[in-house]
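Report on the structure
Here are the chains, one letter per residue:
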Amino acid sequence: YISETLYKAGYSDTPEVIKNCILELKRIAKYYPENWLTPYYISLYNLRLVLNRSSKDYTNELEEAKQTIPMIMNIKNADLSEVYTLQGMYQYVYLSKYSSFLGKSTYKKMIEQFDKAIQLKPSNPRAKMLKFLAQYLLGKNLGYAIDNEKMKIDEITNYNKIEVLA
């Protein structure tokens, strides 16, 4: 059932469809509390809603994503590399929305989360891709250089081959 929900959300950028998918995932999570992927996607889709909104209020979605991530870390068998990647993505979204208030301290926390994810699982393409994008899109505005030594562009350009976690 989770695969059907992920399929719907994966092929839609409309907030209504994504919100409905989040509601479906919340129902699934009640029946399968030991499944870490369900709250992972709830948090991920909330972050996606925040990124896709330009002028509307996104405080609730951002707060729900923030509160969900620590819960995922406490679920047995959760892939901590993916959870740290999600935490880094949360920091990225937060920084992209509030960059004028936060700046370098949040940027460093974000990069640390991606580094933890990569350290736990060096083959995690999401962590590598998001770290690169964060460095490229946010880091240059804050005066940081991209770590080209550790980042292989060919790994990043193949992001469309990244598997869906399910």
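Just above, that's the structure.
Parameters at a glance
- Residues numbered from 1 in each chain as written.
- Predicted model: local features only at pLDDT ≥ 70, side-chain atom pairs only at ≥ 80, totals over all residues.
- Heavy atoms only, no water.
- Axes fitted to C-alpha atoms, helices over the stretch in contact; angles between N-to-C directions.
- Helix = DSSP H or I, 4+ residues; strand = E, 2+ residues; numbered from the N terminus.
- Parallel < 35°, antiparallel > 145°, perpendicular 65-115°, else oblique.
- Left-handed = near helix turned anticlockwise from the far one by under 90°.
- Contact = heavy atoms within 4.5 Å.
- Nonpolar A, V, L, I, M, F, W, Y, C, P; charged D, E, K, R; others polar.

**Some remarks on the packing of helix α3 (residues 37–52) against helix α4 (residues 59–73)**
- The interhelical angle for the contact between α3 and α4, taken along N-to-C directions, is 155 degrees, at an axis separation of 8 Å. Of the possible angle classes, the one that applies to α3 and α4 is roughly antiparallel. For the pair α3 and α4, the sense of crossing is left-handed. Contacts between α3 and α4 involve Pro39, Tyr40, Ile42, Ser43, Asn46, Leu47, Leu49 and Val50 on the former and, on the latter, Glu61, Leu62, Glu64, Ala65, Thr68, Ile69 and Ile72.

**As for the packing of helix α1 (residues 2–10) against helix α2 (residues 15–31)**
- Contact pair α1 / α2: the axes reach a minimum separation of 9 Å and the direction vectors enclose 165 degrees. As far as their axial angle goes, α2 and α1 are roughly antiparallel. Of the two possible hands of crossing, α1 and α2 adopt the one that is left-handed. Here α1 contributes Ile2, Thr5, Lys8 and Ala9 to the contact with α2, which in turn contributes Val17, Cys21, Glu24, Leu25 and Ile28.
- Broken down by class, the residue content of the contact of α1 with α2 amounts to six nonpolar, one polar and two charged.

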